[in-house]
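As a plain string of letters, each chain reads:
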2 protein chains.
Amino acid sequence: MSKKCIGVDVGGTTVKLGLFDVDGTVLDKWEVVTRKEDGGKNIIPDIAASIIAKLEEKNIDKADVVGAGMGVPGPVMDNGFVEKCVNLGWVKVNPADELSGLLGVPVKVGNDANVAALGEMWQGGGKGYTSLAAITLGTGVGAGIILDEKIVNGSKGMGGEVGHITVNADEQDKCNCGNRGCLEQYASATGIVKEAVRALAKSDKASVLRDIEGFSCKDVLDAAKAGDEVAASVVDHCMKYLASVMQQVSYICDPQIFVIGGGVSKAGQYLIDVIRKHYNSIAILKEEKADIALATLGNDAGIYGAARLILG
Amino acid sequence: MSKKCIGVDVGGTTVKLGLFDVDGTVLDKWEVVTRKEDGGKNIIPDIAASIIAKLEEKNIDKADVVGAGMGVPGPVMDNGFVEKCVNLGWVKVNPADELSGLLGVPVKVGNDANVAALGEMWQGGGKGYTSLAAITLGTGVGAGIILDEKIVNGSKGMGGEVGHITVNADEQDKCNCGNRGCLEQYASATGIVKEAVRALAKSDKASVLRDIEGFSCKDVLDAAKAGDEVAASVVDHCMKYLASVMQQVSYICDPQIFVIGGGVSKAGQYLIDVIRKHYNSIAILKEEKADIALATLGNDAGIYGAARLILG
């Protein structure tokens, strides 16, 4: 029997789990509820029980399981220690040690955004590459950076926190982080909607967006793709900020490829083309430009990456 | 006899060499001329001959030499291959293999700025740390980034090229790289002088700089330290740009410490205090801020780092 590995993606509402062959084939996917009460003390035992039941159901011997990887929503030290995980109620825990003790197989833990990046490298938009930056444009903007197939955690777990890089020193509105002008204020779904509202208020130009009450980021992107000038100019402006951060990433650690995911990336190749245009025009020192591709694993990136994490 | 290692720092004019104990004690330092003619084909044989002569002079057996490390002024691939090194005339060479063949000991090669960063980590301003960004403020601005004691070369050797990150999209003057608004245009010695000239032209404020024809960067820094308002505001403005790039580095790969070197850093603690003020105010997401220290090895950082490189 070929060796197996398990990927666990711990979210604030549900825990996603995946059983994989070590070659990256997914054999099963399932979920359990995240019980956050009592400082989240049930989360790891629940995960362990669910995995043990799954292995029994599939008649898989523990000796054939290389181990389990786990992504958690917060900073993780290189040794697996979690100082604080607000979304789960955890304070000063070592979930890797705990899960490993309950399962009897090796366990590694990483930050969920970083782990998802590893998933995209293994079986997603960055397959075949060994260094990448996976940028997620969702409600916020996060990233995971992989160099030589290893996650860049950073000394205090801040590796890949590109959403809060200051891209506009003139911004007056505050970001959730307390600073002003963070990338997240422009390149997230929320940011794109807000910039569209601003653009509409600033001019009298016709736009289909004026007829959609409470329009969404998808509305802005759809309008832009359909040729709406105001919407296209908003997307252009927001992606120019993203490209400026991609230049920084290239000039600091130079990954081979950027993989763009999250809800905003559903705009597809149109979005990649806008990003590419700005990136090429600003990253001029880099003769051979980095590749830019769409993420392909969606919400499964976390379980893929977690499974890959334990493979080392 | 304790084991030895050799550090080689290949510059466009001279090659600096150092003989070290593996504990980091320097035993001897010397130089040879860099013969760039004929595509630089004499450079490696000259280095080999000089090292062999030194070992004979010191009665050191080759069996006691762990190996040699070498820093070269250009991008180096992870496998030691150098596509092009303009300053030395090299095209498509593998200087590590060549020097190793001539010396009969292992040789590793890295980019000189990256190697110097490793030197500062080993025996300089970053001693005791395992991850750092060493930023050199000289004629230009360069950096070497070390994570988990390993140099970040980047996929195309662009790791640490922070001098050409765009920090001012409104700049009209071109940088040498062809872009506009690079960090180097403000935080280098040249940049500081230029910004001082601009500041003097923009106002009628009194400044000692008005009495110094063709003032230098040192003049600007000395005036700033002595309380000259115009000079102090120029230094403040230029270091604010540097701090913005340090925030980016922290939010991308989160080193423990920034080590500031190069001619501009001779301004000492005054400069660090200005940088610290701006860094703290912009890197607010990072609860425990990175340390910021002066480089201490000066021009010797290259030979120290090269020697450290071969120790792995």
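Keep in mind the model is a prediction, meaning the values are calculated, not measured.

Peer 1: Explain unusual backbone geometry here, please?
Peer 2: Where the residue is not glycine, phi is negative for most of them; where a peptide bond is considered, it is trans in most cases. Residues other than glycine seldom take positive phi values, yet Lys92 of chain A does so here, at roughly 50°. Turning to its location among the elements, Lys92 of chain A is positioned in strand β6 (residues 90-93).

Peer 1: I keep staring at the nonpolar core and nothing clicks. Help me out?
Peer 2: Soluble, globular proteins show a tendency: their nonpolar side chains are buried together. In this structure, Leu137, Met239 and Leu271 of chain A together with Leu137, Met239 and Leu271 of chain B are the most contacted members of the largest nonpolar core, which totals 106 residues. Apart from the residues lying within four places of it in its own chain, the contact partners of Met239 of chain B are Leu137, Ala187, Ile192, Leu271, Val274, Ile275 and His278 of chain B.

Peer 1: Is there a simple way to explain the interface of chain A and chain B in this structure?
Peer 2: Quoted interface sizes are often the accessible area lost when the parts come together. At the interface, 36 residues of chain A touch 36 residues of chain B. Together, the buried faces of chain A and chain B total about 2,800 Å²; carbon and sulfur atoms form 62% of this surface. Of all residues in chain A, Met158, Tyr251 and Ile252 of chain A give up the largest surface area on contact with chain B, accounting jointly for 24% of the area buried on that side. The interface formed by chain A and chain B includes two salt bridges. Among the ionic pairs, Glu288 of chain A bridges to Lys156 of chain B, the shortest N-O distance being 3.0 Å.

Peer 1: What am I meant to see in the relation of the copies chain A and chain B here?
Peer 2: Mapping between the two chain copies consists of a rotation about an axis together with a translation along that axis. It takes a turn of 180° to lay chain A on chain B, together with a shift of 0.0 Å along the axis; the resulting RMSD is 0.1 Å. In the structure described here, the two chain copies are related by an operation that fits a two-fold rotation axis. Considering only C-alpha atoms, the part of chain A nearest the rotation axis is Gln248 of chain A, at 3.6 Å. Interface overlap between copies: 100% of the residues of chain A at the interface are likewise at the interface in chain B, consistent with a symmetric, same-surface contact.

Peer 1: Sorry, what's going on with the packing of helix α8 (residues 229-252) of chain A against helix α9 (residues 269-282) of chain A here?
Peer 2: Residue and element names in this part refer to chain A. Across the interface, α8 lies against α9 with an axial gap of 8 Å and an inter-helix angle of 50°. Taken together, α8 and α9 sit at an angle that is classed as oblique. The crossing of α8 and α9 is right-handed. Along its contact with α8, which presents Ala232, Val235, Asp236, Met239, Lys240, Leu242, Ala243, Ser244, Met246, Gln247, Ser250 and Tyr251, the element α9 presents Tyr270, Leu271, Val274, Ile275, Lys277, His278, Tyr279 and Ile282. Counted by class, the contact of α8 with α9 contains 13 nonpolar, four polar and three charged residues.

Peer 1: Help me out: how do you make sense of the packing of aromatic side chains in this one?
Peer 2: Residue and element names in this part refer to chain A. Taken as a whole and assessed by the stated rule, the structure comprises 10 aromatic pairs over all chains. Relative to Tyr304, the ring of Trp122 has its centre 6.5 Å away and its plane inclined at 70°; by these criteria the two rings are edge-to-face. Here Tyr304 lies in helix α10 (residues 301-310) and Trp122 lies in helix α4 (residues 112-123), a separation of 182 residues in the sequence. The exposure classification of Trp122 matches that of Tyr304, with both residues buried. Feature note: the residues Phe20, Trp122 and Tyr304 constitute an aromatic cluster, connected by ring pairs. The positively charged end of Lys54 is found above the aromatic ring belonging to Trp30, 4.7 Å away from the centroid.

Peer 1: Would you explain helix α3 (residues 95-103) of chain B in this entry?
Peer 2: Because an α-helix packs 3.6 residues into every turn, residues spaced three or four apart end up facing the same way. Residue and element names in this part refer to chain B. Those residues of α3 that fall on the buried side of the exposure criterion are Pro95, Ala96, Leu99 and Leu103. Taken end-on, α3 shows its buried residues confined to a sector of 100°, consistent with a single buried face. Away from its buried face by more than 90 degrees, α3 exposes Asp97 and Gly101. Elements in contact with the buried residues of α3: α2 (43-57), β4 (65-72), β5 (82-85), β6 (90-93) and β7 (107-111).

Peer 1: Please explain the environment of Leu183 of chain A as it appears in this structure.
Peer 2: Counting through the fold element by element, Leu183 of chain A comes out in the loop between β10 (150-151) and α5 (184-187). Along the sequence, Leu183 of chain A and Ser244 of chain A sit 61 residues apart, while their C-alpha atoms lie 9.3 Å from each other.

Peer 1: For this particular structure, what's the right way to read the domain arrangement of chain A?
Peer 2: Residue and element names in this part refer to chain A. Taken domain by domain, chain A holds domain 1 (4-112 + 305-310) and domain 2 (125-296). Of the residues lining the interface, six residues belong to domain 1; the matching set on domain 2 comes to six residues. A combined buried area of about 460 Å² lies between domain 1 and domain 2, and 43% of that area is made up of carbon and sulfur atoms. The tally of links between domain 1 and domain 2 comes to one salt bridge.

Peer 1: How do you make sense of the packing of helix α6 (residues 189-202) of chain B against helix α8 (residues 229-252) of chain B when you look at a structure like this?
Peer 2: When two helices pack together, you describe them by how their axes are tilted relative to each other and by the distance separating the axes. Residues and elements named next belong to chain B. Their axes nearest at 9 Å, the elements α6 and α8 cross at an angle of 130°. The orientation of α6 relative to α8 falls into the category oblique. In this structure, α6 crosses over α8, and the sense of that crossing is right-handed. Here Ile192, Glu195, Ala196, Ala199 and Leu200 of α6 lie close against α8, whose contacting residues are Val230, Val234, His237, Cys238 and Met239. Considered class by class, the residues forming the contact of α6 with α8 number eight nonpolar, one polar and one charged.

Peer 1: Would you mind showing me how to read the side chain of His164 of chain A here?
Peer 2: Structurally, His164 of chain A can be placed in the loop between β10 and α5. A relative accessible area of 9% places His164 of chain A in the buried class. Residue contacts for His164 of chain A: discarding those within four places in its chain leaves Cys175, Cys177, Cys182 and Glu184 of chain A together with Gln247, Tyr251 and Leu285 of chain B.

Peer 1: What am I meant to see in the pattern of salt bridges here?
Peer 2: Any two side chains of opposite charge can pair, given that their charged atoms come close. Applying the stated criterion to the full structure yields 32 salt bridges over all chains. Here Arg308 of chain A and Glu149 of chain A are joined by a salt bridge, their closest N and O atoms 2.8 Å apart. Note that Arg308 of chain A is positioned in helix α10 and Glu149 of chain A in the loop between β9 (141-147) and β10, a separation of 159 residues in sequence. On the basis of relative accessible area, Arg308 of chain A is assigned to the buried category, the value being 9%. Given the relative accessible area of 33%, Glu149 of chain A is considered partly exposed. The salt bridge involving Asp46 of chain B is made with Arg35 of chain B; its shortest N-O contact spans 2.9 Å. Here Arg35 of chain B lies in the loop between β3 (26-33) and α1 (37-40) and Asp46 of chain B lies in helix α2, a separation of 11 residues in the sequence. Looking at Arg35 of chain B, the relative accessible area reads 33%, which means it is partly exposed. Through salt bridges that share partners, Glu171, Asp173, Lys194, Glu195 and Arg198 of chain A make up one connected network.

Reading guide: rules and limits
Think of each chain on its own: its residues are numbered from 1, step by step along the sequence as written. All chains are assigned letters beginning with A, and all ligands numbers beginning with 1, in the order in which they are written. Selection of residues for local features in this predicted model requires a pLDDT of at least 70, selection of side-chain atom pairs for listing and counting requires 80 or more, and totals for whole chains, interfaces and linings are taken over all residues. The side-chain quantities take in all heavy atoms of the structure and omit both hydrogens and water. In this text, helices come from DSSP runs of H or I with a minimum length of four residues, and strands from runs of E with a minimum of two, each type numbered from the N-terminal end. Each nonpolar core is a collection of buried residues, namely Ala, Val, Leu, Ile, Met, Phe, Trp, Tyr and Cys, held together in the definition by side-chain atoms within 4.5 Å. Exposed residues in this analysis have more than 50% of their type's maximum accessible area, buried residues have under 20%, and partly exposed residues fall in between, with area computed by a 1.4 Å probe over protein chains only. Any two residues whose heavy atoms approach within 4.5 Å are treated as being in contact. Two parts lose some accessible area (1.4 Å probe) when they are put together, and adding that loss for both gives the buried area. Salt bridge, as applied in this entry: a Lys or Arg side-chain nitrogen positioned within 4 Å of an Asp or Glu carboxyl oxygen. Residues below a pLDDT of 70 in either copy are left out; the C-alpha atoms of the rest, at least 70 in both, set the least-squares superposition of the copies. Here an angle of 0 to 180 degrees is reported between the N-to-C directions of two axes, which are lines fitted to C-alpha atoms, with helices fitted over the stretch in contact. Here is the rule for angles: anything less than 35 degrees is roughly parallel, anything more than 145 is roughly antiparallel, 65 through 115 is roughly perpendicular, and the remaining ranges are oblique. For any helix crossing, the convention is left-handed if the near helix is rotated counterclockwise from the far helix by under a right angle, and right-handed if that rotation is clockwise. In this classification, Asp, Glu, Lys and Arg are treated as charged, Ala, Val, Leu, Ile, Met, Phe, Trp, Tyr, Cys and Pro as nonpolar, and every other residue, Gly included, as polar. Ring pairs shown here join Phe, Tyr and Trp side chains whose ring centres sit within 6.5 Å, with only the six-membered ring taken for Trp; geometry is labelled stacked below 30 degrees between planes, edge-to-face above 60, and tilted in between. Note on criteria: charge over ring means Lys NZ or Arg CZ within 6 Å of the ring centre, with the direction from the centre no more than 35 degrees off the ring normal. Each C-beta atom gives one direction from the helix axis, and the arc is the one those directions make. For each domain, the first and last residues come from an automatic or database assignment.

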